[in-house]
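Residues per chain, in single letters:
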Amino acid sequence: MLKKIFVTVTAVLALGVSMVMAQEPLRIGLLTDTSGPLTIYGVELQNGFELGIEYATDGTMEVAGRPVEVLVRDNASDPDTAASQARELIEREGVEILVGTVSSGVTVQLQNIAADFDVILLAGPSASPAITGENFNVNTFRFCRNSFHDFLAFASYAQENLGTNFVQLAADTQFGSDSANAAQNVLSGAGIDFPQETIFVPEDTTDFTPFLRQVIDSEADAAIISWAGDSTVTLFQQIDELNVGETVPVVAAFNSNEIIAAQDPSTIGTVSWMIYHYSFPDNEINDWLVENHIERYDDVPDLFTECGFASAQALIAAVEASGGETFPEDLIPALEGLEFEGPKGTYIMRPGDHQALVPMYIAELANLDDPDFLFYNLLETVPAIDIIPPCTLPEEFADRCAMNDEMMEMMGE
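Residues numbered from 1 in each chain as written. Predicted model: local features only at pLDDT ≥ 70, side-chain atom pairs only at ≥ 80, totals over all residues. Heavy atoms only, no water.

Draft legend 1. Molecular detail of the pattern of salt bridges. The tally for this structure, following the rule as stated, stands at seven salt bridges. With a closest N to O distance of 2.8 Å, E69 and R27 form a salt bridge. On the criterion of sequence distance, the pair formed by E69 in strand β3 (residues 66-74) and R27 in strand β1 (residues 26-32) is long-range, its members being 42 residues apart. Residue E69 is classed as partly exposed on the basis of its relative accessible area of 29%. (Salt bridge = Lys/Arg side-chain N within 4 Å of Asp/Glu carboxyl O. Helix = DSSP H or I, 4+ residues; strand = E, 2+ residues; numbered from the N terminus. Buried < 20%, exposed > 50% of the residue type's maximum accessible area, 1.4 Å probe, protein only.)

Draft legend 2. Seen up close, the nonpolar core. Formed by 82 residues in total, the largest nonpolar core has its most connected members in F143, F166, L187, L315, L335 and Y376. For this core, the element with the highest residue contribution is helix α12 (residues 305-321), accounting for eight residues. Apart from residues no more than four positions distant in its own chain, L187 is found in contact with F151, A155, A158, F166, I192, F194 and I224. Counting residues in hydrophobic clusters, the runner-up holds 21 residues, among them I199, V201, F236 and A252. (Core = buried A, V, L, I, M, F, W, Y, C linked by side-chain atoms within 4.5 Å. Contact = heavy atoms within 4.5 Å.)

Draft legend 3. Molecular detail of a nonpolar patch on the surface. Together, I385, I388 and M411 make up a nonpolar patch on the protein surface, roughly 210 Å² of accessible area in all. With respect to the helices, strands and loops of the structure, I385 is situated in the loop between β16 (376-382) and α14 (398-412). Exposure remark for I385: the relative accessible area of 37% places this residue in the partly exposed category. (Patch = residues over 30% accessible without salt bridge, like charges linked within 9 Å, V, L, I, M, F, W, Y side chains within 5 Å. Areas by Shrake-Rupley, 256 points an atom, 1.4 Å probe, with all protein chains shown as cover.)

Draft legend 4. Spotlight on the packing of aromatic side chains. All chains considered together, the criterion is met by 17 aromatic pairs. Between Y41 and F304 the ring centres are 5.1 Å apart and the planes differ by 80°, which places this aromatic pair in the edge-to-face class. Note that Y41 is positioned in helix α2 (residues 39-56) and F304 in the loop between α11 (284-297) and α12, a separation of 263 residues in sequence. For the pair Y41 and F304, one class covers both residues: buried. Their ring planes at 80° and their centres at 5.2 Å tell us that F208 and W227 sit as a pair that is edge-to-face. With a gap of 19 residues between them, F208 in the loop between β8 (199-201) and α7 (209-218) and W227 in the loop between β9 (222-226) and α8 (231-241) connect regions that are remote in the sequence. Judged by its relative accessible area of 0%, F208 falls in the buried class. For W227, a relative accessible area of 7% puts it in the buried group. Connected via pairs of aromatic rings, a cluster forms that spans F254, F280, Y361, F373, F375 and Y376. (Phe/Tyr/Trp six-rings, centres within 6.5 Å; stacked < 30°, edge-to-face > 60°.)

Draft legend 5. Up close: the sheet that holds strand β11 (residues 271-274). If you walk across this open sheet you meet the three strands as β11-β15-β16, and the pairing is antiparallel. Looking at which strands have only one partner, the edges of the open sheet turn out to be β11 and β16. Across the sheet, the mean angle from the axis of one strand to that of its neighbour is 30°, orientation sign disregarded. For β11 and strand β15 (residues 360-365), the ladder comprises four bridges, and the chain directions are antiparallel. Looking at the pairing, M274 lines up with Y361 of β15. Relative to the sheet, helix α5 (residues 147-161) contacts β11, β15 and β16, its axis offset from that of β11 by approximately 150°. (Pairing = 2+ DSSP bridges. Axes fitted to C-alpha atoms, helices over the stretch in contact; angles between N-to-C directions.)

Draft legend 6. Quick look at α11. Its 14 residues give α11 an end-to-end C-alpha distance of 20 Å, which sits within 8% of 20 Å, the value for a rise of 1.5 Å per residue. Check the buried side of α11 and you find it contacts α2, α12 and β12 (339-342). Here α11 starts with a cap whose side-chain oxygen sits 3.1 Å from the backbone nitrogen of I285, and that cap is N283. D298 sits one or two residues past α11 and shows a positive phi near 55°. (Expected span 1.5 Å × (residues − 1). Polar contact = N/O pair within 3.5 Å; in protein donor to acceptor, adjacent residues only side chain to side chain.)

Draft legend 7. Quick peek at the state of the cysteines. Across all of its chains, the model carries two disulfides by this definition. Between the sulfur atoms of C144 and its disulfide mate C307 the distance is 1.9 Å. One disulfide, between C144 and C307, carries an S-S torsion of 70° and so falls in the right-handed class. On the criterion of sequence distance, the pair formed by C144 in the loop between β6 (140-142) and α5 and C307 in helix α12 is long-range, its members being 163 residues apart. Of the two residues, C144 and C307, both sit in the buried class. Covalently, C391 is tied to C401 through a disulfide, its sulfur atoms 2.1 Å apart. (Disulfide = S-S within 2.5 Å.)

What follows is the structure in structure tokens.
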């Protein structure tokens, strides 16, 4: 009889412990930029991520029985600030997963923190291929595009319409350098030459004249601009003032709505690649995102809202699959190879380098004054499976690149 009572009490205690653990909040640390040079992107990331959590949990804000709490920190695109915030979130706030950020250089710093504390990091819209390349660690995943996606999507149009000799102007940052290298890598394979070295410009530049003079003097068939943040407006104003485009046509990714709206009308008619515009995808998930974004923020989703949203979807799917566990040994198998439908369509996480395959767009700028930011004619949606970035892991991880190849072979069967 005593044995029976002991077994029963033990079972009840175990059930009680299990229920307490199941109700323990899942704290996620979202590191972004809401006061620095990339503020416009930081707000987009935060809005998208928070809406993505809501969508993926069907409005319950719970996953695997655990209430979800998102703790947001503004790092103003400063690596040291972000590192300090990440440590504090993990050590003092009990954060189990990190998300962010919008600066490539800051994200590289966060990768080190995630590895040191052995937590998962979901990289944000920071585009440097190094994040899932030379700086790879198994704790980092990225469900947003990288710079290789940009130029792989655009290569065919560039080859057919823009000539064969290009010059590049890029920010002297991790993002600018890695984007320029990606452009040269991809477009050289499409028969485009880069006769001179990339013109690198300090990030805090306000007078771009001497650098733009170099672009004009190059007499190239086209100039690729790799720049980001609010100063993009100043850069393109000076491009117009110097009539750069009359000598060397300028090509750059279509940017956030307010940045595009501030451009000169002479850019109307240009064609380029685009990561996301709320009017491009035609699916129920994007419809939900647009409707709820307008309702909550009185504005439409913007360039990187989708990136935050899809990252949240992936995170919730992985934690659900792991039964609420967030240790890397539980989440890594759930994230590697994950395929799901998001705002842009199908997202596929490569198991080797932890870089997702994502759709992209080619569009034509049709106007600059539509009150709903309907600025574009969509020319092409490029499916994720048609944009396969190279695996750029260090040689020591060559076997992981082979994992990507095996996945692609299976998908082709």
